[in-house]
Amino acid sequence: MESYSIFFPGYTAGEDAYREIEAVCSPYGTKAVVIGGKTAMEKTKEYLLEATQESSIKITDFIWYKGEAAFEYAEELQQLDVVKEADMVFCVGGGKAIDCAKLVADHLKKPYFTFPTIAATCACISALGIYYHTNHVFRDFFRVERPPVHVFISTKVIAEAPEVYLWAGIGDGMSKEAEVKFSARGKEAELTLSEQAGVAMCSCCTEPLLKYGIQAMEDCRLNRPSEAIEQVALDIFINTGMVSNMVDSHKYNTNLAHALFNSMTMLPQVEERHRHGEVVSYGTLVLLTLDKQYDLLDRFFAFYKGMNLPTKLSDIEVSVEELDPVLEAAVKKYDLDYTPYEITTEMIKAAILELEDFNLKAIA
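This paragraph deals with the overall build of the protein. Of the regular secondary structure elements, the protein holds 17 helices and eight strands. Across its three principal directions, the C-alpha atoms of the protein cover 60 × 50 × 40 Å. Of all 364 residues assigned to the protein, the portion counted as buried reaches 57%. Looking at the protein alone, contacts between residues at least 24 apart form 78% of all its contacts between residues at least 6 apart.

Structure (structure tokens):
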């Protein structure tokens, strides 16, 4: 057997999470370069500088990630002297900014730390990144060698962000248990120890969102750090992210919900006006419908209605007439390489139409 290594990140959570930067990061050097989104760095710069003012860690620069998680942009950033000379990389922002910055750190073999400013995806703790072409169309998944050393989760920063990001993060998180269990069904004897742990942990990903999601949204609208925001953020970042780290991303981490999102990025209205987690949440309903998991579909549907998450095509501005090329692309994505049975375009379309009927019956 070949040897292999599994790495686990640490995390700090709370309103004053950044105060732990010195204790956590000092063993890795003294110079940190920040790479992140423009708005994210504007919102956190004061907090980061204040947290490091009396510490041995000196922030050498704040660098914009160029607006897309693209391989080309990561290559440009890693050529900058200030990045090359840094001891560590601080990845600040949402999923795309963090994915781009983690790729820079991976290429330069530097330790990196993440500072999520929105709870929209689990990118801050996952070694897996979603990468796009510079024109913003989905390109590929890529897993860096290691996840971050540590994640700093400031509930104050999360609460100050627009609630739409938390909303999208909840939508994305709703896919994890459904997709992982579907992908791993019938493969139990093949799972490694890490994959077994990941599949088991995915069972922890849905209930916190159902329990705290609506309250967390209300608190975020009021920019109020709270237990609900912390529980939802930890679920999105830690629970779903650790599942991503522990299971084989090419086999068990995603499935139909993400395949649909990735193929729907070819539609300009989806790419321009709808968020990753929003579209993934709709794809989760399609998966539950296709797999005839009607009890879960009922629970998810009711929760989505309370959260204003999409339940039908028109919610994401997609028509039935636009589906054929989308579904052809979806079945070619590797997300569907590991399923308990073959999924065809006809099956997906039938599930989508069944879900449309389900919406009509719910109104009636």
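With that out of the way, let us pick up the packing of helix 10 (residues 207-221) against helix 15 (residues 294-307). With their axes 10 Å apart at the nearest point, helix 10 and helix 15 run at an angle of 10° to one another. Overall, the two elements helix 10 and helix 15 adopt an arrangement that is roughly parallel. Every pair of crossing elements has a handedness; the one defined by helix 10 and helix 15 is left-handed. On the side of helix 10, the interface is formed by Glu207, Leu209, Leu210, Gly213, Ile214 and Met217, while helix 15 contributes Arg299, Phe303, Gly306 and Met307.

Moving on, we get to the pairing of strand 8 (residues 150-154). The element strand 8 is extensively covered by neighbouring structure, given that five of its five residues are classed as buried. Alternating positions in strand 8 separate into two faces, His150, Phe152 and Ser154 on one and Val151 and Ile153 on the other, with burial throughout. Two strands pair when backbone bridges link them, and strand 5 (residues 112-116) and strand 8 are joined in this way by two bridges, in the parallel orientation. Looking across to strand 8, one finds that phenylalanine 113 is bridged to histidine 150.

Moving on: unusual backbone geometry. Backbone geometry at lysine 109 places phi at a positive 55°, although glycine is not the residue there. Among the structural elements, lysine 109 can be located in the loop between helix 5 (95-107) and strand 5. Phi at asparagine 308 takes a positive value of approximately 60°, unusual for a residue other than glycine. Using a relative accessible area of 62% as the deciding quantity, one classes asparagine 308 as exposed.

This part takes up the side chain of threonine 240. With respect to the helices, strands and loops of the structure, threonine 240 is situated in helix 11 (residues 227-246). A polar contact of 2.3 Å, which involves the side chain of threonine 240, links it to the backbone oxygen of isoleucine 236. Aside from chain neighbours lying at most four places away, what touches threonine 240 is Cys122, Gly173, Lys176, Cys205 and Asp235.

Before going further, it helps to examine the state of the cysteines. Summed over the entire model, instances satisfying the criterion amount to zero disulfides. Cysteine 124 forms no disulfide, and the closest cysteine sulfur to it belongs to cysteine 122, at a distance of 7.5 Å. Given the relative accessible area of 1%, cysteine 124 is considered buried. Counting only cysteine sulfurs, cysteine 205 is the nearest neighbor of cysteine 202, a cysteine outside any disulfide, at a range of 6.2 Å. Residue classification places cysteine 202 among the buried positions, given a relative accessible area of 0%.

The rules we used
Residues numbered from 1 in each chain as written. Predicted model: local features only at pLDDT ≥ 70, side-chain atom pairs only at ≥ 80, totals over all residues. Heavy atoms only, no water. Helix = DSSP H or I, 4+ residues; strand = E, 2+ residues; numbered from the N terminus. Buried < 20%, exposed > 50% of the residue type's maximum accessible area, 1.4 Å probe, protein only. Contact = heavy atoms within 4.5 Å. Axes fitted to C-alpha atoms, helices over the stretch in contact; angles between N-to-C directions. Parallel < 35°, antiparallel > 145°, perpendicular 65-115°, else oblique. Left-handed = near helix turned anticlockwise from the far one by under 90°. Pairing = 2+ DSSP bridges. Polar contact = N/O pair within 3.5 Å; in protein donor to acceptor, adjacent residues only side chain to side chain. Disulfide = S-S within 2.5 Å.

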